[in-house]
Every structure is written in structure tokens, then in C-alpha cells.
Amino acid sequence: MSILQSLVESVRSGAVEVVDLTAPLSEETPILQLPPPFGNTIPFRKDEISRYDDRGPAWYWNDLHLGEHVGTHFDAPIHWVTARDGQDVSQVPPRSLIAPAVVLDFTAEAGKDPDFLLRIEHVQEWERANGPLPEGGWLLYRTGWDSRAADQAAFLNADETGPHTPGVSVECARWLAEQTPILGIGVETVGTDAGAAHSFDPAFPCHSFLLGAGKYGLTQLRNLDLLPVTGAVVVAPPLPIVGGSGSPVRVLALVER
Ligand code: MN
């Protein structure tokens, strides 16, 4: 049997499970909210063009209104000023869109401290137990934040001092970008950076360093608890928006059972 025949047979039999890591896209999908004077994205909206009626008797369809960074989405390098001449989302090589993934689970830590930050020592300790981070693969950072994804207020977790959601320390973001072979980082939160990362130096270090190094981001993932620590393969193809900074994406993981 060819490799692809074997894959298809394995998916059909359930020997390879397809796990959907994507949040449903609707008017209720939480979105990032930046304070003034910054611009903000629009929430998801769909406008009906026709639904088996005078406007189109046999067909149903909608127009979509949404930002590039709404819901489960892909951050392309050009999203950040550190990669202003880098790839836009249409230029991401297709072969990067199918990649190995590992899961680093810090649900317990983030449950105790919503401002929890992943540090270099955490990743190195994980590597001692599980092997090196995958070359050209995703680091999926599990925090349990997907349990809040149905509620914008709980998901953003903001108070008068700003949002409080888990992320990555400045040093760790720089190290992941410059010293590890990962393709990018995937998170369960609204963005790859911590809620408080506006106050870091540099601000938003995951965006700054990883996108600056030509790596990618995936956000608002769910079901990471259904993945093995190592061994999953992630399929995450964004729309090829010409000149786009990112795109909503359907993220699927292939898992051997
Ligand atoms: Mn984004």
C-alpha cells in the first residue's frame, strides 16, 4: 500500500483519529480588544444573501464580515513590525502547513495564576522528559483556557489593570524564536502573547520575536487535551489572502490511536 493509501485507510478505520482543534466561528466567538487609541478588529458576522426565497429560490448563502485575526487563526510573519518585509499569509509555503506538533501542558499552573508565563526552564524540563522540540513543528501550549472560550469576558479575563491570560516570558519567547527549530507556537488564548504582554519589554514578545524570526502563530485552539504529548501531526492551512497578515484557519490534528 502506498503511504497515502495507508493514511486514508487509517483515517477510515480510526487507527488515525482526526481531532478538530478549531473553535466554531460565530457572532459569539470572542475577539481581541485593544484599549484606545488602537484600532480593533470587527467580530464575526454573516449576512444572508438568500435562503431558498425570492432572492435565490433554490440556494442559501451568506456574506462574511470578519477580521483576519478572529477566532482560531494563523498569524503570518508580516503581522508584526519585526517582520514587516516578511511573508504575508498567502506566501506561507504549503509544505509548512502539515507539521508535527508537541503539547506542553501547563493547565494546572495557569489555573492557579492567570498571568502564568512559560519560561525557558519549563521547556527544557519538558525536553528532558519528552525529547527535543520538533524541527519545523508546532509547540502547542496548553493552559486550559479553551474552557472559557464560550464567554468573551471570561476568555479575555480583563480588569482595571488590563487582561490577565497566560503567555510566554520575554526570555522564553526570544529563545524559542532564535534557539529552537520550531515552526511556531499554538495557544488556546486570544493571541499568542500573555494578556499582560503590553507591559513587557519588548511588548508582545511572542509576536515580536517569533514572527520576527519568520515563525508562525496559531490561536484560540481547543481540544489540545485530546492530543498525545508528542506524535500528532497538525494540518493548519490559512486562506491565501494576498497581502494578508493572518487568516482564520481550520486546524486539524492527526493522532495515531
Ligand atoms: Mn493574531
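Definitions and limits used
Residues numbered from 1 in each chain as written. Predicted model: local features only at pLDDT ≥ 70, side-chain atom pairs only at ≥ 80, totals over all residues. Heavy atoms only, no water. Salt bridge = Lys/Arg side-chain N within 4 Å of Asp/Glu carboxyl O. Buried < 20%, exposed > 50% of the residue type's maximum accessible area, 1.4 Å probe, protein only. Core = buried A, V, L, I, M, F, W, Y, C linked by side-chain atoms within 4.5 Å. Helix = DSSP H or I, 4+ residues; strand = E, 2+ residues; numbered from the N terminus. Contact = heavy atoms within 4.5 Å. Pairing = 2+ DSSP bridges. Axes fitted to C-alpha atoms, helices over the stretch in contact; angles between N-to-C directions. Right-handed = clockwise from strand over helix to strand, strands pointing away. Polar contact = N/O pair within 3.5 Å; in protein donor to acceptor, adjacent residues only side chain to side chain. Patch = residues over 30% accessible without salt bridge, like charges linked within 9 Å, V, L, I, M, F, W, Y side chains within 5 Å. Areas by Shrake-Rupley, 256 points an atom, 1.4 Å probe, with all protein chains shown as cover. Parallel < 35°, antiparallel > 145°, perpendicular 65-115°, else oblique. Left-handed = near helix turned anticlockwise from the far one by under 90°. Nonpolar A, V, L, I, M, F, W, Y, C, P; charged D, E, K, R; others polar.

J.: Sorry, what's going on with the pattern of salt bridges here?
T.: It is possible for side chains bearing opposite charge to pair when their charged atoms get close. Enumeration according to the criterion identifies eleven salt bridges in this entry. Taking the shortest distance from any N to any O, the salt bridge between D47 and R45 comes out at 2.8 Å. For D47, a relative accessible area of 29% corresponds to the partly exposed category. Put simply, D146 and R142 hold a salt bridge, and the shortest N to O gap is 3.9 Å. It is possible to trace a salt-bridge network through shared partners that takes in E48, R51, D53 and R55.

J.: Looking at this structure, how should I read the nonpolar core?
T.: The nonpolar side chains of a soluble globular protein tend to be buried, and buried together. Within the largest apolar cluster, 28 residues are counted, with the highest numbers of intra-cluster contacts made by L104, L133, L139, Y141, V168, L176 and I185. At the level of elements, β5 (98-105), α3 (120-130), β7 (138-142), α5 (170-179), β11 (184-187) and α6 (205-212) are the ones that each hand at least two residues to this core. In contact with L133, other than residues within four places in its own chain, are V102, L104, V123, W126, E127, L139, L176, T180, P181 and I182. Core analysis: the next-biggest nonpolar cluster, separate from the first, contains 25 residues, L97, L218, A236 and A253 among them.

J.: How should I be thinking about α6 in this particular structure?
T.: In an α-helix there are 3.6 residues to a turn, and that puts residues three or four apart on one side. Most of α6 sits inside the fold, with seven of its eight residues counted as buried. Turning to α6, its buried residues are P205, C206, H207, S208, F209, L210 and L211. In this structure, the buried residues of α6 make contact with β4 (73-75), β10 (167-168), α5, β11 and β12 (216-218). A positive phi of about 80° marks G214, the residue just after α6.

J.: In this structure, what is going on with the sheet that holds β7? I would like to understand it.
T.: Hydrogen bonds between backbone atoms are what pair the strands of a sheet, whose relative direction is either parallel or antiparallel. Read from one edge to the other, the open sheet built from nine strands follows the order β1-β15-β13-β5-β7-β11-β12-β4-β14, with strand pairing classed as mixed. Edge positions in the open sheet fall to β1 (16-20) and β14 (246-248), since each of these has one partner strand only. Here the strands of the sheet are splayed against their neighbours by 25° on average, with no regard to which way each runs.

J.: I would appreciate a short explanation of the pairing of β11 in the present structure.
T.: Across a regular strand the side chains alternate sides, sitting on one face of the sheet and then on the other. Going residue by residue along β11, you find G184 and G186 tucked away on one face and I185 and V187 tucked away on the opposite face as well. Both β11 and β12 contribute to a ladder of three bridges, which runs parallel. Note that in β12 the partner of I185 across the bridge is G217. Each parallel crossover has a hand, and the one from β11 via α6 to β12 is right-handed.

J.: Which parts of the structure should I look at to understand the side chain of H73?
T.: Position of H73 relative to the elements: it lies in strand β4. Here the side chain of H73 touches H69 through a polar contact of 3.3 Å, side chain to side chain. A distance of 3.2 Å separates polar atoms of two side chains, one belonging to H73 and the other to D75. Not counting residues within four places of it along the chain, the set of residues in contact with H73 comprises E68, V190, G217, L218, T219, Q220, S247, P248 and V249.

J.: What is the right way to read a nonpolar patch on the surface from this model?
T.: A grouping of L4, L7, V11 and V18 is seen on the molecular surface, where their side chains present a nonpolar patch of about 320 Å² in accessible area. When residues of the nonpolar patch are assigned to their parent elements, the largest contribution, three residues, is made by helix α1 (residues 3-13). By secondary structure assignment, the location of V18 is in strand β1.

J.: Hey, could you run me through the packing of α5 against α6 in this one?
T.: Two numbers describe a pair of packed helices, the interaxial angle and the distance between the axes. Two numbers describe how α5 lies on α6: the axes approach to 8 Å, and their chain directions differ by 15°. Classified by the interaxial angle, the pair formed by α5 and α6 is roughly parallel. Along this stretch, α5 crosses α6, giving a crossing that reads as right-handed. For the pair α5 and α6, the contacting residues are V170, A173, R174, A177 and E178 in the first and P205, C206, F209 and L210 in the second. The class makeup of the residues in the contact of α5 with α6 is seven nonpolar, no polar and two charged.

J.: What am I meant to see in the packing of α3 against α5 here?
T.: For the pair α3 and α5, interaxial distance at closest approach is 8 Å and the crossing angle is 50°. When the axis of α3 is compared with that of α5, the two are oblique. Along its contact with α3, which presents I120, V123, Q124 and E127, the element α5 presents E171, C172 and W175. Among the residues making up the contact of α3 with α5, the classes are represented as four nonpolar, one polar and two charged.

J.: How do you make sense of the side chain of Q220 when you look at a structure like this?
T.: As for its placement among the helices and strands, Q220 is situated in the loop between β12 and β13 (232-235). Polar contacts involving the side chain of Q220 include one to the main-chain carbonyl oxygen of P30, which spans 3.2 Å. Ignoring any residue separated from it by four or fewer positions in sequence, one finds Q220 in contact with L21, A23, T29, P30, G71, T72, H73, F155, V187, E188, T189 and V190.

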